[in-house]
Structures are given as C-alpha cells and as structure tokens.
Amino acid sequence: PVLDGPTIFGLADFTPDDPFTALDNDNIQIPFVNTDDWAGEAGGALLIQCGRPQNQSINFYAGPWRYAGVIEGATTPPTSPAVRAAPFELAIDQKLWIRLRAVRADGRISEPRILGPTTIVEAT
C-alpha cells in the first residue's frame, strides 16, 4: 500500500550546537539540543557524516562525506553529547568537518549543516 505523504509542508530543522570535538582515539563527540523536535520523536534522528581529516593549511571542505552514525530520537530524548566512531583514522592537529541532517518521524529531512573545522585533540 502507498502511504500518505507528510501533511506539514516544511523541512525538518534542528539547532546546531557547534563546536563538536574530534579525538585521536577515532571518536567524535557531537553536542546537540535534545529539545529539538527530531530528538523527542520515536523515528526521528540526527544523521552524522564526516569529512576526511585535512592538514592545518586547509580552510574549506565540501566533500566527499562518509556516514559516521546516527543519533536516534525517542519519546525520552537522548542525552547530549553523543559519541560516535569516526569513519576515518584521526590524528592530532588535523582539521575535521562534520555534516548533520535531522530527520523527522514523518520522513521530512533538513538541509545539511556543515560544522567545523575543529582541530583533532588528544583523548583524555
């Protein structure tokens, strides 16, 4: 059967909570606002994509992006920040960008938001 499309004609949205932290143990710590609509919905999510780490001389990154995980929404919103494994090996003092998209339970998706750069730091 074909399901009805969304009845709200607007994109999903979220509040970016920059800066994120990239650690040399190959983890990314992503802060988010857990009162955003996607976080309080079962079926909502925040999709995480990561760019390939770059040298300090690079000041712009447009892709390619690699899937780095998801933060799933729920009726009890997830706790910020979320830690996800980076899809690349990270080294101290490289720069890293991430791209986030929010997805609502009804299938609406947000415009991508690029956060960064951040400098990869040593894990404590």
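Here the residue index of a chain counts from 1 through its sequence in written order. Given that this is a predicted model, residues contribute local features only at a pLDDT of at least 70 and side-chain atom pairs are listed and counted only at 80 or more, while totals for whole chains, interfaces and linings are drawn from all residues. To get the side-chain values, all heavy atoms of the structure are used, and hydrogens and water are removed first.

**Focus: the sheet that holds strand β1 (residues 21-23)**
- Here three strands make up an open sheet; going across it, the order is β1-β2-β5 and the pairing antiparallel. For this open sheet the edge positions go to β1 and β5 (82-85), each flanked by a neighbour on one side alone. When strand polarity is set aside, the average angle formed by the axes of neighbouring strands in this sheet is 20 degrees.
- Only strands that DSSP links by at least two bridges are regarded as paired with each other. Runs of E in the DSSP output that reach at least two residues are strands. Runs of H or I that reach at least four are helices, and both are numbered from the N terminus. Note: β1 against strand β2 (residues 27-30), three bridges, orientation antiparallel. Each residue of the ladder has a partner; that of Ala 22, found in β2, is Ile 28. A fitted line through C-alpha atoms serves as each axis, taken over the contacting stretch for helices, and the angle formed by two N-to-C directions is quoted from 0 to 180°.

**A few points about the packing of aromatic side chains**
- Note on aromatic contacts: the rings of Phe and Tyr and the six-membered ring of Trp form a pair at centre separations within 6.5 Å, being stacked when their planes are under 30 degrees apart, edge-to-face when over 60 apart, and tilted otherwise. The final tally for this structure, using the stated rule, is three aromatic pairs.
- Their ring planes at 85 degrees and their centres at 5.1 Å tell us that Tyr 61 and Trp 65 sit as a pair that is edge-to-face.
- Remark: exposure states derive from per-residue accessible area (1.4 Å probe, protein chains only) relative to the maximum for the residue type, with buried under 20%, exposed over 50%, and partly exposed in between. Relative accessible area serves as the criterion here: at 8%, Tyr 61 is assigned to the buried category.
- With centroids separated by 5.7 Å and ring planes inclined at 20 degrees, the aromatic side chains of Tyr 61 and Trp 97 adopt a geometry described as stacked. With Tyr 61 in the loop between β3 (45-51) and β4 (65-72) and Trp 97 in strand β6 (residues 95-103), this pair connects stretches of sequence that are 36 residues apart.
- The exposure class assigned to Trp 97 is buried, which follows from its relative accessible area of 4%.
- A connected cluster of aromatic rings, assembled from ring pairs, spans Tyr 61, Trp 65 and Trp 97.

**Description of the nonpolar core**
- In terms of nonpolar packing, the biggest core is built from 23 residues, with Ile 28, Trp 38, Leu 46, Leu 96 and Leu 100 touching the most fellow members.
- For this core, the leading source of residues is β6, giving four residues. The criterion is simple. A nonpolar core is a set of buried Ala, Val, Leu, Ile, Met, Phe, Trp, Tyr and Cys residues joined through side-chain atoms within 4.5 Å.

**Observations concerning the pattern of salt bridges**
- Salt bridges are identified by distance alone: a Lys or Arg side-chain nitrogen within 4 Å of an Asp or Glu carboxyl oxygen. Enumeration over the complete set of coordinates arrives at four salt bridges.
- Salt-bridge contacts for Arg 113 lead to Asp 13; the nearest nitrogen and oxygen are separated by 2.6 Å. Of the two residues, Arg 113 sits in strand β7 (residues 113-119) while Asp 13 sits in the segment before β1, which places them 100 residues apart along the sequence.
- The salt bridge partner of Arg 104 is Glu 41, with a shortest N-O separation of 2.6 Å. Here the residue Arg 104 occupies a position in the loop between β6 and β7, and Glu 41 occupies one in the loop between β2 and β3, the gap between them amounting to 63 residues.
- Accessibility expressed as a relative area gives 14% for Arg 104, which makes it buried.
- Glu 41 sits in the buried class, given a relative accessible area of 19%.
- A cluster of three or more residues bridged by salt bridges with shared partners is formed by Asp 37, Glu 41 and Arg 104.

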